[in-house]
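Fold and geometry: a report
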Amino acid sequence: MDMTKNNRKQKNTLLMIIAGVTVGVLLLMSGLLIGDKAVQTPDIVVYKSQTCDCCNAWVEHLEKNGFIVETHNQQNMNLIKLQLGGVPRNLQSCHTAKAGDYLIEGHVPADLIARLLNEKPQIKGLAVPGMPMGSPGMEGPRNDPYDILAFKKDGNIQVYASRNQ
């Protein structure tokens, strides 16, 4: 009889451990599913020069706007632009990013990246050529108007949005 009581005690202990682990896993999963940023915010992978202050400021802009950013410091940005699928030379800037299936080149505002990922247009990516003053990461003494350009695989380029600050 002592063996039977001992077996029942071990079974009950095992069932309590399994129940506890199950509850813990369910709580962890519900936290991941409920957490706004972990589920609703797309990841952005940024490739930039380690010493570029405006690139770092643009990454901060993305993070302040709810994006989870993975950053890679690179020596050869031209090679990265080619490896990612080719950013047109006339649209290039100091950093390149990948958001979902899209390329993001230069100081594109976070709200437009969110719009892009929400609308999913048939384009290759968005670009802000050069480094216009007043664009995210290029804040300074003035705000110059600039265009955010959409580029397609066929080379077609069109204005996606304009910022006339």
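Further up the page is the structure itself.
Note that the structure is a prediction, hence the values are computed from the model and not measured. (Residues numbered from 1 in each chain as written. Predicted model: local features only at pLDDT ≥ 70, side-chain atom pairs only at ≥ 80, totals over all residues. Heavy atoms only, no water.)

Another point: the pairing of strand E1 (residues 43-48). The side chains of a regular strand alternate, residue by residue, between the two faces of the sheet. With 5 of its 6 residues buried, E1 lies for the most part within the structure. Bridge count for E1 against strand E2 (residues 68-73) is 6 bridges, and the pairing is parallel. Within E2, the position partnered with Ile 44 by the bridge is Val 69. In the classification by handedness, the crossover that spans E1, the intervening helix H3 (residues 53-64) and the parallel E2 is right-handed. Bridge count between E1 and strand E3 (residues 96-99): 4 bridges; the pairing is antiparallel. Paired with Val 45 across the bridge in E3 is Lys 98. (Buried < 20%, exposed > 50% of the residue type's maximum accessible area, 1.4 Å probe, protein only. Helix = DSSP H or I, 4+ residues; strand = E, 2+ residues; numbered from the N terminus. Pairing = 2+ DSSP bridges. Right-handed = clockwise from strand over helix to strand, strands pointing away.)

This part takes up the sheet that holds E2. Taken in spatial order, the 7 strands of this open sheet run E2-E1-E3-E4-E5-E6-E7, and their pairing is mixed. Two strands lie at the open edges of the sheet, namely E2 and strand E7 (157-163), each paired on one side alone. Each strand axis lies, on average, 20° off the axis of its neighbour in the sheet, ignoring direction. Here strand E5 (residues 125-128) runs beside strand E6 (residues 146-151); their pairing, made up of 3 bridges, is antiparallel. Paired with Gly 125 across the bridge in E6 is Phe 151. Seen against the sheet, H3 touches E1, E2, E3 and strand E4 (102-106) and runs at an angle of roughly 175° to E1. (Axes fitted to C-alpha atoms, helices over the stretch in contact; angles between N-to-C directions. Contact = heavy atoms within 4.5 Å.)

The next subject is H3. The end-to-end C-alpha separation of H3 is 16 Å, in line with the 16 Å expected for 12 residues at 1.5 Å each. Restricting attention to buried positions, one finds in H3 the residues Cys 54, Cys 55, Trp 58, Val 59, His 61 and Leu 62. When H3 is viewed along its axis, its buried side chains cluster within an angular range of 155° and face the same direction. Among the exposed residues of H3, those pointing more than 90 degrees away from its buried face are Asp 53 and Lys 64. Where H3 is buried, its residues meet E1, E2, E3, E4 and helix H5 (110-119). (Expected span 1.5 Å × (residues − 1). Arc of directions from axis to C-beta.)

Once that is clear, we can look at the pattern of salt bridges. Two side chains with opposite charge may pair up if their charged atoms get near one another. For the structure on display, the rule yields 4 salt bridges. The residue Glu 105 makes a salt bridge to Lys 81 at a minimum N-O spacing of 2.6 Å. Taken together, the positions of Glu 105 in strand E4 and Lys 81 in helix H4 (residues 77-83) put the pair 24 residues apart, joining distant regions of the chain. The residues Glu 105 and Lys 81 share a single accessibility class, namely buried. Ionic pairing is found between Glu 119 and Arg 115, a salt bridge with its closest N-O pair at 3.4 Å. On the criterion of helical spacing, the pair formed by Glu 119 and Arg 115 is a turn pair, its members being 4 residues apart in helix H5. (Salt bridge = Lys/Arg side-chain N within 4 Å of Asp/Glu carboxyl O.)

Considering the arrangement of structural elements, one finds Lys 48 in strand E1. Here Lys 48 is buried and forms no salt bridge, its nearest opposite-charge partner Asp 53 lying at an N-O distance of 8.0 Å. In this structure Lys 48 touches Cys 55, Asn 56, Thr 71, His 72, Asn 73, Gln 74, Met 77 and His 95, once residues within four positions along its chain are discounted. (Lys, Arg positive; Asp, Glu negative; His and termini not counted.)

By themselves, these observations are geometric and do not establish any function.
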